[in-house]
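What the coordinates show
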Amino acid sequence: MIFALVGNPNCGKTTLFNQLTGSNQHVGNFPGVTVEQKTGQIIGSRDASVVDLPGIYSLSPYSSEEIITRNFLLVHKPNGIINIIDATNIERSLYLTMQLIELQIPMILALNMMDEVQANNGSVNINHIKEILGIPAVPISAANKEGLVDLMDQAIEVVRSNRKPLKIDFCTGAVHRAIHAISHLIEDHAQRQGLPVRFAATKLVEGDEPVLESLMLTENEIESIEHVVIEMEAELNTDREAALVDMRYQFIEDLCGKAVKKIGETSEYKRSARLDSILTHRILAFPAFICIMFLVFWLTFGVIGNNLSRLLTLGLEWLKDIVDAGLTAYGLNPIVHSLITHGIITGVGAVLSFVPIVLTLFFFLSILEDSGYMSRIAFVMDKPLRKIGLSGRSFVPMLMGFGCTVPAVMAARTLSSERDKKMTILLTPFMSCSAKLPIYALFTAAFFARNQAFIMIALYLMGIIFGIGSGLLMKHTIFKGAPVPFVMELPNYRFPSWKSVLLLMWEKAKDFIRRAFTIIFTATIIIWFLQSFDIRLNHVVSGSDSLLARIGYLISGIFRPLGFADWRISTALITGFTAKEAVISTLAVLTDAGITELRGTLHTLFTPLSAFSFLVFTLLYTPCIAAVATIKREFGSIKGTLFVILYQTGFAWLAAFCVYRIGLALLG
């Protein structure tokens, strides 16, 4: 049996999913964390699984993740629905519940966060809710694992007995007459399509286009339905959607008035209000954001992460020396010896040495996310983003882009406008992903050691600024029009869950290490081979005679105006298309240097100005192949994907060219 986990955004669905299945899906304190359905088997029940669906406020689909949830319920038809609602805000949550009841799928209500309700002197009459709604209801606290056994026992019993919700007639007057009139008109069509008649009728009253198309009505039937709706609107002096919303909320208010003792202003709310008086202040908000991010980067690159990275580098160099000595003593073939020490260990080790920096950065970012601050940033950024044609909701995917472009592109599904979605996807690669951190850390340590944190912040800000410039260009060319209105719930601030923080750190470390031993490992071997042999597959003494040098020489001229024309640099940028970390491993293999030695070797390839030009190009040029594949899936066309690659690379070349030429002019 399959249970669908359905509820509003940020109500605790993913937390409940993790508790029921033993999974470790990412949980965030802001709406829109789940953008794809996830399935897991329920612990202790071999024949039951649960599907975590993206959060929605109603069954009227406006964005991609809402469509995912609605289609799963209507097309795949789960055996049962677990509707999880926020017990601290029952009135808002029950609006979706009333629509789910109309689907006539066995269903149970999970009232989450009941511990918070009780802690703030609130109460909920569970028996009254069961009686009025006609479905079982169980109080739970997903975070504390309270009530979960009872929830699943009742959920399984509901499915096995095929106990469907009672048919609630929540409406009166004109709305009641309209729904019943339309129900008689479409009954045969709805049954043929496998849709509950009342659900289909209410959707037609709302003007739901997907339902209208699926029923395949005749012109006369459509005209009759429109006539019924027009009469209803005239009698109520309101539009069709507002009429249903008003009726539903009137029913919900009556229910909550009898069954719910509302909580007052909680201590969490009061604390959040005090913090928001500064962190969302119209003048202080942006400076506060800059100060917080500066502190994060200073601790990451100037204090904690950098020092840990140096220790790991020393350990990896010690390991390389041990392996080198062992292979020499064994008398291994010199070519294979070179592959292991100068190829694999040097290349993979160059990437692994930056794991502490990545972990430290994501430690702080996950704290900001879990505390609820990320939602505030989206709120603060709404006004400046509107000037480039987007809303504050687009900032959430962009913010995720600082971690990885792949989930950031997927998170753009939360945008209800196709225009906003595509524009956000095009701008997301301007946000510097964590895979570029090793490049920044190496070059800033080599050329700008005294101002490393400042240069790091400058790079991230440049990505944002160039993204804004690109957005302005798109707003007046290919994406003309206004962004959709921005509505976003700001959750209360909370103390970060160390489990959630450590889980996110572990996921990032695991992903980083997996890439090091798969993509980077493979790329390192290929680079070593191309650098070690010539066109006739003879082993070469000098890398400048190798196959790789020939390839590098062919494209090196493209980068000469940017200040770096060495074939090894152009080759490293090509391998960076597979994974951005490969830029470092490629340079390490081509120069046959560990991280410590590589910092010195870079001075033979770059000046400080050309190094900064290289960093700007790396910041902006085409995202990795995994991100490109994700963009292709979201765009649904090769043409759009090729545009992203060419646009990003062309933009990067132009930006690096301007930086280098302006720098030369200023230096005289």
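These figures come from a predicted structure and were not determined experimentally. (Residues numbered from 1 in each chain as written. Predicted model: local features only at pLDDT ≥ 70, side-chain atom pairs only at ≥ 80, totals over all residues. Heavy atoms only, no water.)

In terms of residue burial, strand β5 (residues 107–112) counts as a mostly covered element, since 6 of its 6 residues are buried. Taking every second residue as pointing to the same face, both faces of β5 are buried, with M107, L109 and L111 on one and I108, A110 and N112 on the other. In this sheet, β5 lies alongside strand β4 (residues 80–86) in parallel orientation, the contact comprising 6 bridges. The residue of β5 that forms the bridge with D86 is N112. In the classification by handedness, the crossover that spans β4, the intervening helix α3 (residues 90–101) and the parallel β5 is right-handed. Judged from the 3 bridges that link them, β5 and strand β7 (residues 137–139) form a sheet pairing that is parallel. Bridging from a neighbouring strand, L109 pairs with A137 of β7. (Buried < 20%, exposed > 50% of the residue type's maximum accessible area, 1.4 Å probe, protein only. Helix = DSSP H or I, 4+ residues; strand = E, 2+ residues; numbered from the N terminus. Pairing = 2+ DSSP bridges. Right-handed = clockwise from strand over helix to strand, strands pointing away.)

Quick look at the nonpolar core now. Ranked by size, the top nonpolar core spans 98 residues in total, and within it F443, F564, L602, F606, F614 and F617 carry the most contacts. Sequence-distant contacts of F443, defined by excluding residues within four places in its chain, comprise F448, L587, L602, F606, A611, F614 and L615. Counting residues in each nonpolar core, the second largest holds 64 residues, with L103, I186, F199 and L244 among its members. (Core = buried A, V, L, I, M, F, W, Y, C linked by side-chain atoms within 4.5 Å. Contact = heavy atoms within 4.5 Å.)

On to the environment of K320, then. Within the element layout of this structure, K320 appears in helix α13 (residues 285–330). By relative accessible area, K320 is classed as buried at 16%. Separated by 42 residues in the primary sequence, K320 and F362 have C-alpha atoms spaced 28 Å apart. When near neighbours in sequence (up to four residues on either side) are disregarded, K320 contacts T341, H342, I345, T346 and D592.

In a regular helix each residue adds 1.5 Å, so 46 residues correspond to 68 Å; α13 covers 63 Å between its end C-alpha atoms and thus fits that length. If you look at α13, its biggest bend is around 55 degrees, right at G305. A positive backbone phi angle near 80 degrees is found at G331, which sits one or two residues after α13. (Expected span 1.5 Å × (residues − 1). Bend = angle between axes of the 7 residues up to and from the residue.)

In this structure the tally under the stated criterion is 10 salt bridges. Between R198 and E102 there is a salt bridge; the shortest N-O distance is 3.7 Å. One end of the pair, R198, is in helix α8 (residues 197–206); the other, E102, is in the loop between α3 and β5, and 96 residues separate them in sequence. Neither R198 nor E102 differs from the other in exposure class; each is buried. Between E235 and R177 there is a salt bridge whose closest N-O contact spans 2.6 Å. Taken together, the residues span a long stretch of sequence, with E235 in helix α10 (residues 219–236) and R177 in helix α7 (residues 173–193) at a distance of 58 residues. (Salt bridge = Lys/Arg side-chain N within 4 Å of Asp/Glu carboxyl O.)

Applying the stated criterion to the full structure yields 24 aromatic pairs. With a centroid separation of 6.4 Å and an interplanar angle of 85 degrees, the aromatic rings of F448 and F612 are classed as edge-to-face. Taken as a pair, F448 in the loop between α21 (437–447) and α22 (452–475) and F612 in helix α29 (residues 608–620) lie far apart in primary sequence, 164 residues in all. With a relative accessible area of 18%, F612 lands in the buried category. (Phe/Tyr/Trp six-rings, centres within 6.5 Å; stacked < 30°, edge-to-face > 60°.)

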